[in-house]
Amino acid sequence: MQTTERIIAVIIVLLSLTSCYERRENIKDVHVEYTEYQLDSISFARTHHYTENYNFVVRADSLMLIRQQPEETINSLPIDSFAMRRGELLAVADIRILPNDTVDSVWVQLASDQLKMGWIREKNMLPKVDPDDPISQFISFFSNTHLLIFLVIVCIIGVGYGLRILFRKNAYIVHFKDINSFYPTLLTLIVASSAAFYATIQHFAPEAWRHFYFHPTLNPFTQPPLLLIFLVSVWSLIIAAIAAVDDTLRHLPFGQSVLYLCGLAGICAVDYIVFSITTLYYVGYLLLIAYFWFALWRYFAFNRTHYICGNCEQRIKQKGYCPYCGTLNE
């Protein structure tokens, strides 16, 4: 009986160590042959960042498409056009390169879910459409020049008025009368750094940002180094914001916490506007260094507490009478 059990045990062990083996061919020896049409599509996708079957959403009030072939438009023949309205989904059905078109050699055929198809020049299409992705549409919305100017004006007026009220009420505010938490200061530094880095990518690597706009993702580990750093900073910003809100609610009563967080949001908005604009003119890098020095100096020199009251266990900046309970701490 023991011999039988030993044989079964040996068989089980051998089976557990056995696995299927699939022989793979050497990848280096595999040669993929592409047709001329496929090579053209790959080349176009690398330079224009989209290709056939890519989906767009109409951003403008209307997008005019031509029913006839592009050659008829180029040769000034009679054509018929129709409009696609805001919010309609369009798919790229075909792309044609016409070198004899002096206006734009790239023509794109778009198809809607209503079985409508028409042609349009790429230079007329791109300003009026967005990729069918919420991240791309978010980027497009906050890249609008008129919107940015409006936000700058509103932000400067709102933050200036809000800070004036907070200073008059002697309320807590980051960098000036701060709470004993490094997270609000860390949040402002991350916002400033992210804004400067965002402007750096747009200025020095516009094609990398353009590719990200057409193929957005929140996973930093699938992106090239520049976009990886930017996405890591975005995730760090979210984490720091959550920590700042939580720490503020623990240090201040709810009413004061709301005022403090509103002031913090205003400071972050100013940081984003200032550093995203000034970095385009190289001044932002010097301002960023100065801002880091100012923020860290203010926190460690004036806002960080080193002692705890022996009676009420509140954090205090220096020895002596506790400002909370009046107990003398020596």
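Structure: see above.
Reading the values: the criteria
- Residues numbered from 1 in each chain as written.
- Predicted model: local features only at pLDDT ≥ 70, side-chain atom pairs only at ≥ 80, totals over all residues.
- Heavy atoms only, no water.
- Helix = DSSP H or I, 4+ residues; strand = E, 2+ residues; numbered from the N terminus.
- Contact = heavy atoms within 4.5 Å.
- Areas by Shrake-Rupley, 256 points an atom, 1.4 Å probe, with all protein chains shown as cover.
- Buried < 20%, exposed > 50% of the residue type's maximum accessible area, 1.4 Å probe, protein only.
- Patch = residues over 30% accessible without salt bridge, like charges linked within 9 Å, V, L, I, M, F, W, Y side chains within 5 Å.
- Salt bridge = Lys/Arg side-chain N within 4 Å of Asp/Glu carboxyl O.
- Pairing = 2+ DSSP bridges.
- Expected span 1.5 Å × (residues − 1).
- Arc of directions from axis to C-beta.
- Polar contact = N/O pair within 3.5 Å; in protein donor to acceptor, adjacent residues only side chain to side chain.
- 1 Å grid on protein atoms, 1.4 Å probe; cavity = no way out; pocket = protein on both sides within 12 Å on 5 of 7 lines; lining within 4 Å.
- Points joined across faces, edges and corners; volume = space filled by probe spheres on them.

(A) Here's a closer look at the overall build of the protein. Check the secondary structure of the protein and you find 11 helices and 11 strands. Contacts in the protein between residues at least 24 apart in sequence constitute 57% of all its contacts with a sequence separation of at least 6. A total of about 21200 Å² of accessible surface is found on the protein, and carbon and sulfur atoms cover 62% of it.

(B) Summary view of the environment of S105. Note that S105 resides in the loop between β4 (89-97) and β5 (106-112). By relative accessible area, S105 is classed as partly exposed at 26%. Once you skip the residues sitting within four places of it in the chain, S105 turns out to touch R96, I97, L98 and P99.

(C) Fine view of a nonpolar patch on the surface. Residues F138, F141, F142, L148, F150, L151 and V154 make up a contiguous nonpolar surface patch of roughly 640 Å² in combined accessible area. Of all the secondary-structure elements, those providing two or more residues to the nonpolar patch are α5 (134-141) and α6 (145-168). The element best represented in the nonpolar patch is α6, accounting for 4 residues.

(D) The arrangement of the pairing of β5 in detail. Extensive coverage of β5 is indicated by the burial of 7 of its 7 residues. What you see with β5 is no split at all: V106, V108, L110 and S112 on one side and W107, Q109 and A111 on the other are buried throughout. Sheet topology places β4 next to β5; 7 bridges connect them, and they run antiparallel. Paired with A91 across the strands is A111, a residue of β5. When β5 meets strand β6 (residues 117-121), the two strands line up antiparallel, connected through 5 bridges. Note that in β6 the partner of W107 across the bridge is R121. Hairpin remark: β5 followed by β6, antiparallel, with 4 residues in the connecting loop; positive phi at L115, about 60°.

(E) Local environment of helix α11 (residues 283-303). Here α11 is 21 residues long and its end C-alpha atoms lie 29 Å apart, about the 30 Å a rise of 1.5 Å per residue gives. All of the buried residues along α11 are G284, L288, Y291, A295, R298, Y299 and N303. The buried residues of α11 occupy an angular sector of 105° when projected down its axis, which confines them to one face. In α11, the exposed residues that point more than 90 degrees away from the buried face are L286, I289 and W293. Where the residues of α11 are buried, they touch α7 (183-204) and α10 (254-278).

(F) How the structure looks around the pattern of salt bridges. Inspection of every chain in the model, using the stated rule, returns 7 salt bridges. Residue R121 pairs with D101 through a salt bridge whose shortest N-O separation is 3.0 Å. Here the residue R121 occupies a position in strand β6, and D101 occupies one in the loop between β4 and β5, the gap between them amounting to 20 residues. What makes D101 buried here is its relative accessible area of 7%. A salt bridge links R250 to D246; the nearest nitrogen and oxygen atoms lie 3.8 Å apart.

(G) Just the side chain of D101, in detail. At 3.0 Å, the side chain of D101 and the backbone nitrogen of V103 are in polar contact. Apart from residues no more than four positions distant in its own chain, D101 is found in contact with I74, W107 and R121.

(H) Representation of the layout of surface pockets within the structure. Here the largest pocket defines a volume of roughly 1200 Å³. Around the largest pocket, the lining comprises 34 residues; the ones closest to its centre are F138, F142, Y198, F230 and Y272. Going through the elements one at a time, α5, α6, α7, α8 (206-214), α9 (225-251) and α10 are the ones with two or more residues in the lining of the largest pocket. For the lining of the largest pocket, the element with the most residues is α10, which contributes 7 residues.

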